[in-house]
Amino acid sequence: MAAAAPAVDGVPGRGPPGEVIHLNVGGKRFSTSRQTLTWIPDSFFSSLLSGRISTLKDETGAIFIDRDPTVFAPILNFLRTKELDPRGVHGSSLLHEAQFYGLTPLVRRLQLLEELDRSSCGNVLFTGYLPPPVFPVKRRNRHSLVGPQQAGGRPAPVRRSNTMPPNLGNAGLLGRMLDEKSPPSPSGLPEEPGMVRLVCGHHNWIAVAYTQFLVCYRLKEASGWQLVFSSPRLDWPIERLALTARVLGGALGEHDKMVAVATGSEILLWALQPEGGGSEIGVFHLGVPVEALFFVGNQLIATSHTGRIGVWNAVTKHWQVQEVQPITSYDAAGSFLLLGCNNGSIYYVDVQKFPLRMKDNDLLVSELYRDPAEDGVTALSVYLTPKTSDSGNWIEIAYGTSSGGVRVIVQHPETVGSGPQLFQTFTVHRSPVTKIMLSEKHLISVCADSNHVRTWSVTRFRGMISTQPGSTPLASFKILALESADGHGGCSAGNDIGPYGERDDQQVFIQKVVPSASQLFVRLSSTGQRVCSVRSVDGSPTTAFTVLECEGSRRLGSRPRRYLLTGQANGSLAMWDLTTAMDGLGQAPAGGLTEEELMEQLELCDLAPLASSRGSLPSPSPRTSLTSLHSAFSNTSLSSRRGSPSPPQAEARRRGGGSFVERCQELVRSGPEPRRPPTPAPRPSSGLGAPLVPPKTKLNETSF
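Keep in mind it's a predicted model, so treat the numbers as computed, not measured.

Student: Before we go on, may I ask you to explain the packing of aromatic side chains in this structure?
Tutor: Each pair of aromatic rings is reported with the distance of its centres and the angle of its planes. Summed over the entire model, instances satisfying the criterion amount to 20 aromatic pairs. Seen in terms of ring centroids, tryptophan 39 and phenylalanine 78 are 6.3 Å apart; in terms of plane orientation they differ by 45 degrees. Their pairing is tilted. Placement of tryptophan 39 in the loop between α1 (34–38) and α2 (44–50) and of phenylalanine 78 in helix α3 (residues 69–81) is noted, with a sequence separation of 39 residues between them. You can call tryptophan 39 partly exposed: its relative accessible area is 30%. Connected via pairs of aromatic rings, a cluster forms that spans Phe30, Phe44, Phe45, Phe72, Phe100 and Tyr101. Here the basic side chain of arginine 67 rests over the ring of phenylalanine 100, its NZ or CZ set 3.7 Å away from the ring centre. A cation sits over an aromatic face here: lysine 82 above tryptophan 39, 4.5 Å from the ring centre.

And the structure:
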């Protein structure tokens, strides 16, 4: 080795270009020439070897650099050959290290690769972009509210699902600052008015709620989406949003299309005009925090977990409030509204008969069924079979309980007087059931244990659920997501995982991994298979999303389409064509997130503060604190697990030892597991490093 030039204060001085330099990068030794390290001026290495940066040497005299040696290897190869060879290193990690070392030519190449991979026009599924609207003027009238509405000095709860008990959490906001800040939130933290908080759609209409105002868009066949209504700026932050868009020329005139918002106990309702504009119908008071706001036909329904329900009818223009048992879930089918309560009872209201059947100013609320164990009904789903000429609908109800039970009850039209009969019971969950969905082909349940999903195939005979052979297990997987501990990162009420879709069609879960994520994953609700993933075209975080079943146009051959709507932190709204994605089902990876994708998402957030909020996760809440991210790895069949042994550590993780947060932290600390050499086996291995392979049987599980 050539003699090194004299050092000053322990720092190597200038030496000949051919001098061999020994480096210790993160414990791994590298040897190269001075000329290789210093041909890029003003880099970390030129400063290091010129003495401008002090050095630390190991026991062998090699210069120690406390960086990742795996990422350093392709960087050193670039310095040697001026060619880029990532060698399996993730692009973002390589770019970060290149920026640290100050290698400008390499940084420019990596940034160009990122720009080529990320188009501002989106991928083939991207179908529309609506820019942020103009910030409206302040609303001034006799109905104007002053300050955020609170109950007993406590923040109003944010309802997170129509199938979960209450959670007194607050939703934080991200986004750009506008001209005037909103008033302090109930949590005392400042809120940003420019971020999309809630998105909902009905037929060919969309409503988008920001912190203090909302806008509505209508789809016109020739001109696309058009802004038709913008509300005045309100004095309080919007927490709930509901929209109904009936067919043109309906019997109720201007009240065929309405939009409502709520915060605390206040509800504000507008009538929408098809050609633009709207008029305020009124402000209504529930008296307790509104946790669910939705329309059943033209009836506006507001519920609270305290047991209070409010109904406004478009025909009578009457607002009515009534007390029932504490409400923990709800669902609607046709004109029926069903309420699941914490005493184990299911109540129903026929809102179509509501204007004609009032007595002593009370709603006609009837008890339909009581759980045999009197467990609280924490999730509810109603399915009405197609009506035949001989009889009416066969009513099927699936519900989940606070003890983790899943039950199916049915009522035939000929036995209406005797009430629903218990049909099936499943006890596969050990945590409260938070979501449930009964559709034509599947029964889907989600529990509070990191959104653990169990699905069954439903057998039907002449449209009615059958016991021959009955419901059979289909899949088991988890839909995992992280929510910021401080409540910021978006309004949780606008991040409902689903499932979305018509009950006679395939339904999907929408999953956002971390609060600041700009990428969403769409998966089949029945098997967890990935349908597609979408990433915001402008790079801003996604703060709200929903799925819209949009009517087809009048053109020949047109059919209804399904769109994913994503609201961004900068106030824009993007649209994605899920119908095309569903048509191409099978082209995406068969399972959930790959290990690399999960790690990439987890790098976007700090897991440490999330552990402090772990104590609040097991408690039931009306829209789950875990929003939804599908299993990190592939769906694998039970037979595959039996046929392919795995290490004890992987097996313990597969069995779910510890909470999801703890397992993620362990995964971050330990890094990816090394790939095991292939072993002869009749079926693919289910190890974490194995490639994603579609299961050969319908019965499948996931490890995460």
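Student: Just to check I follow, could you spell out the sheet that holds strand β25 (residues 421–426) for this structure?
Tutor: Backbone-to-backbone hydrogen bonds pair the strands of a sheet. The strands run either parallel or antiparallel. Across the sheet, four strands lie side by side as β22-β23-β24-β25; this open sheet has antiparallel pairing. Both edges of this open sheet fall to β22 (377–384) and β25, since each of them pairs with a single strand only. For this sheet, the mean inter-axis angle between neighbouring strands, taken without regard to orientation, is 20 degrees. Two strands pair when backbone bridges link them, and β22 and strand β23 (residues 395–401) are joined in this way by seven bridges, in the antiparallel orientation. Bridge pairing in β23 links valine 377 to threonine 401.

Student: It is not clear to me how the sheet that holds strand β9 (residues 224–230) should be interpreted in this structure. Could you clarify?
Tutor: Taking strand neighbours across the sheet as the criterion, the four strands line up as β6-β7-β8-β9 in an open arrangement whose pairing is antiparallel. In this open sheet, the two strands that pair with only one neighbour each are β6 (198–202) and β9. Ignoring strand direction, the axes of neighbouring strands in this sheet form an average angle of 25 degrees. Alignment of β6 against strand β7 (residues 205–209), held across five bridges, turns out to be antiparallel. Across the sheet, valine 199 pairs through a bridge with valine 208, a residue of β7.

Reading guide: rules and limits
- Residues numbered from 1 in each chain as written.
- Predicted model: local features only at pLDDT ≥ 70, side-chain atom pairs only at ≥ 80, totals over all residues.
- Heavy atoms only, no water.
- Phe/Tyr/Trp six-rings, centres within 6.5 Å; stacked < 30°, edge-to-face > 60°.
- Helix = DSSP H or I, 4+ residues; strand = E, 2+ residues; numbered from the N terminus.
- Buried < 20%, exposed > 50% of the residue type's maximum accessible area, 1.4 Å probe, protein only.
- Lys NZ or Arg CZ within 6 Å of the ring centre and 35° of its normal.
- Pairing = 2+ DSSP bridges.
- Axes fitted to C-alpha atoms, helices over the stretch in contact; angles between N-to-C directions.

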